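# Inside the fold
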Amino acid sequence: MKLAGKTVLLGVCGGIAAFKAAALCSKLAQAGADVRVIMTASAARFVAPLTFQTLSRHPVYTDMFDETYAGGVSHIDLADRADLVVIAPATANMIGKMAHGIADDMLSTTLLAVTAPILLVPAMNVHMYGHPAVQANIQLLKSRGVAVIEPGAGQLACGYVGKGRMAEPEQLFALIAGMLASDLPLAGKKVLVTAGGTRERIDPVRYIMNDSSGKMGYALAEAARDMGAQVTLVSGPTALNDPANMNVIRVESAVQMLEAVLRHFADADIVVKNAAVADYRVESPARQKIKKSGDTITLKLVKNPDILQTIGSKKTRQFIVGFAAETENVAQYAMEKLTKKNCDLLVANNVAEKGAGFAGDTNRVQIFDRNGLVAESGLIAKKAAAELIMREVARRVNERTGLGDGGGTN
């Protein structure tokens, strides 16, 4: 089974999203994980401990003074055996306790003894989440190496609409499986990924942009992370939440994206340039909103810097992966771009094909090297396409460094 032999310590805090934690517990247990659950007193008011006991097939811990384990101290034993700790939902109260070392119940006391990686999954009212104290506590925990998966935006149980929804169990399971995977072909590698489109200003309220959603680039960044890489994601404007456990840099224009890429390029082992960067920008964006006058308007556009060609000309040891979104002659244009931009691999797709264009959740990709087509997929989920691409990258990078197919695993 996928997670057999792995112990997940699941901390459940008092929020309506506790029901999602039950679904996550079930998925982890079905995948073979040894799930041990600690609930706060408030959490037990939302979902009965018996629910988690039934799903995990283990006793649920709620009271640190209820010591039924004769072989040691329960909170130390739980902390020691964990391969990963997941706090879901994580309330503002527990986030504050973790940030400031407060230990006044079973869960917060156990967390002080944990040495395993921690995944924090906040869920709360939109105003609570945005409160400066909560955000400061989250940043402090991130600085200590705690992975935080951002809540989603939408209708909240309290009636508000905004950011605060706990991530879905399916999303969390995929992330946890990646964090616990023993197959980590990119362990020790630094991967730089660009994603999304760029926004080129006409005036303060108008801009030129394309249809890129960023979904493919984000999937590539997550696939690299799940294979053990240290990932930096440079993202243009998207509606997507920041992926957990990576450095995310938000930019707007092509020039800003180039500057961010060059700041991190020297340290990168692998660069995946997926962003759909605008080819041109307005030469002189208006400083104030342009008022409507006349039937036509003329904008003078100038060429943007070519990010892929720039890094291709500067590369030393970096393995560079380029992307080409085409509407015809895919193989021909892909090979021309690979050679011109000095890429190691070029991933191409026909965006005119149904299901393989921008914004959707599926793609059909072809992977080229200097000898031609090396791999291709059918119409598959973008996450699956991203894994296919990154495994091909990992295989080639490890062969280059003499590690072979088994290199980089632990």
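Predicted model only: the values in this text are computed from it and were never measured.

Next up on the list: the sheet that holds strand β1 (residues 7-12). If you trace the five strands from one edge of the open sheet to the other, you get β2-β1-β3-β4-β5, paired in parallel fashion. Edge positions in the sheet fall to β2 (34-39) and β5 (147-148), since each of these pairs with one other strand and no more. Sheet topology places β1 next to β2; six bridges connect them, and they run parallel. In the sheet register, Thr7 faces β2, and the bridge partner there is Asp34. In this fold helix α4 (residues 74-81) packs onto β1 and β2, with an angle of close to 140° to the strand it touches most, β2.

Before going further, it helps to examine the side chain of Thr109. Note on placement: Thr109 falls in helix α6 (residues 106-113). With relative accessibility at 12%, the residue Thr109 sits in the buried group. Apart from residues no more than four positions distant in its own chain, Thr109 is found in contact with Met64, His75, Ala103 and Asp104.

Turning our attention to the pattern of salt bridges. Counted according to the given criterion, the structure contains 27 salt bridges. Across the pair Lys20 and Glu168 runs a salt bridge whose closest N-O atoms are separated by 2.8 Å. Of this pair, Lys20 sits in helix α1 (residues 18-30) while Glu168 sits in the loop between β7 (161-165) and α9 (169-180), and the two are 148 residues apart along the sequence. Residue Asp104 pairs with Lys97 through a salt bridge whose shortest N-O separation is 2.7 Å. On the basis of relative accessible area, Lys97 is assigned to the buried category, the value being 10%.

In space, the eight strands of this open sheet follow the order β12-β11-β8-β13-β16-β17-β19-β20, with mixed pairing throughout. Here the strands that pair on one side only, and so sit at the sheet edges, are β12 (247-250) and β20 (372-376). In this sheet, neighbouring strand axes are inclined to one another by 20° on average, regardless of whether the strands run parallel or antiparallel. With four bridges connecting them, strand β8 (residues 190-195) and strand β13 (residues 270-273) associate as parallel partners. Directly across from Leu192, in β13, lies its bridge partner Val271.

Further remarks concern helix α10 (residues 215-226). Because each turn of an α-helix spans 3.6 residues, side chains separated by three or four positions in sequence point in the same direction. Here α10 contains 12 residues, and its C-alpha end-to-end distance of 16 Å stays within 8% of the 16 Å for a straight helix at 1.5 Å per residue. Buried residues dominate α10, accounting for 11 of its 12 residues. Buried residues of α10: Met216, Gly217, Tyr218, Ala219, Leu220, Ala221, Glu222, Ala223, Ala224, Arg225 and Asp226, and no others.

Once that is clear, we can look at the pairing of strand β16 (residues 319-326). For β16, the buried fraction is high: seven of the eight residues fall into the buried class. Inspection of the sheet shows β16 paired to strand β17 (residues 345-350) by six bridges, in the parallel sense. Paired with Gly322 across the bridge in β17 is Leu346.

Turning our attention to the nonpolar core. Ranked by internal contacts, the top residues of the largest apolar core, which has 38 residues, are Leu10, Val12, Leu28, Val37, Phe52, Val86 and Val121. Sorting the residues of this core by element identifies β1, α1, β2, β3 (84-90), β4 (118-122) and α9 as the ones contributing at least two each. For this core, the leading source of residues is α1, giving seven residues.

Bringing the environment of Glu222 into the picture now. Its place among the elements puts Glu222 in helix α10. By relative accessible area, Glu222 is classed as buried at 17%. Taking the C-alpha atoms as reference points, Glu222 and Val282, separated by 60 residues in sequence, lie 33 Å from one another. Excluding residues that lie within four positions of it along the chain, Glu222 makes contacts with Pro243, Met246 and Lys383.

Before going further, it helps to spend a moment on the packing of aromatic side chains. Enumeration according to the criterion identifies zero aromatic pairs in this entry. Here Arg199 stacks its cationic end above the ring of Tyr207, 4.4 Å away from the centre of that ring.

Parameters and conventions
Residues numbered from 1 in each chain as written. Predicted model: local features only at pLDDT ≥ 70, side-chain atom pairs only at ≥ 80, totals over all residues. Heavy atoms only, no water. Pairing = 2+ DSSP bridges. Helix = DSSP H or I, 4+ residues; strand = E, 2+ residues; numbered from the N terminus. Contact = heavy atoms within 4.5 Å. Axes fitted to C-alpha atoms, helices over the stretch in contact; angles between N-to-C directions. Buried < 20%, exposed > 50% of the residue type's maximum accessible area, 1.4 Å probe, protein only. Salt bridge = Lys/Arg side-chain N within 4 Å of Asp/Glu carboxyl O. Expected span 1.5 Å × (residues − 1). Core = buried A, V, L, I, M, F, W, Y, C linked by side-chain atoms within 4.5 Å. Phe/Tyr/Trp six-rings, centres within 6.5 Å; stacked < 30°, edge-to-face > 60°. Lys NZ or Arg CZ within 6 Å of the ring centre and 35° of its normal.

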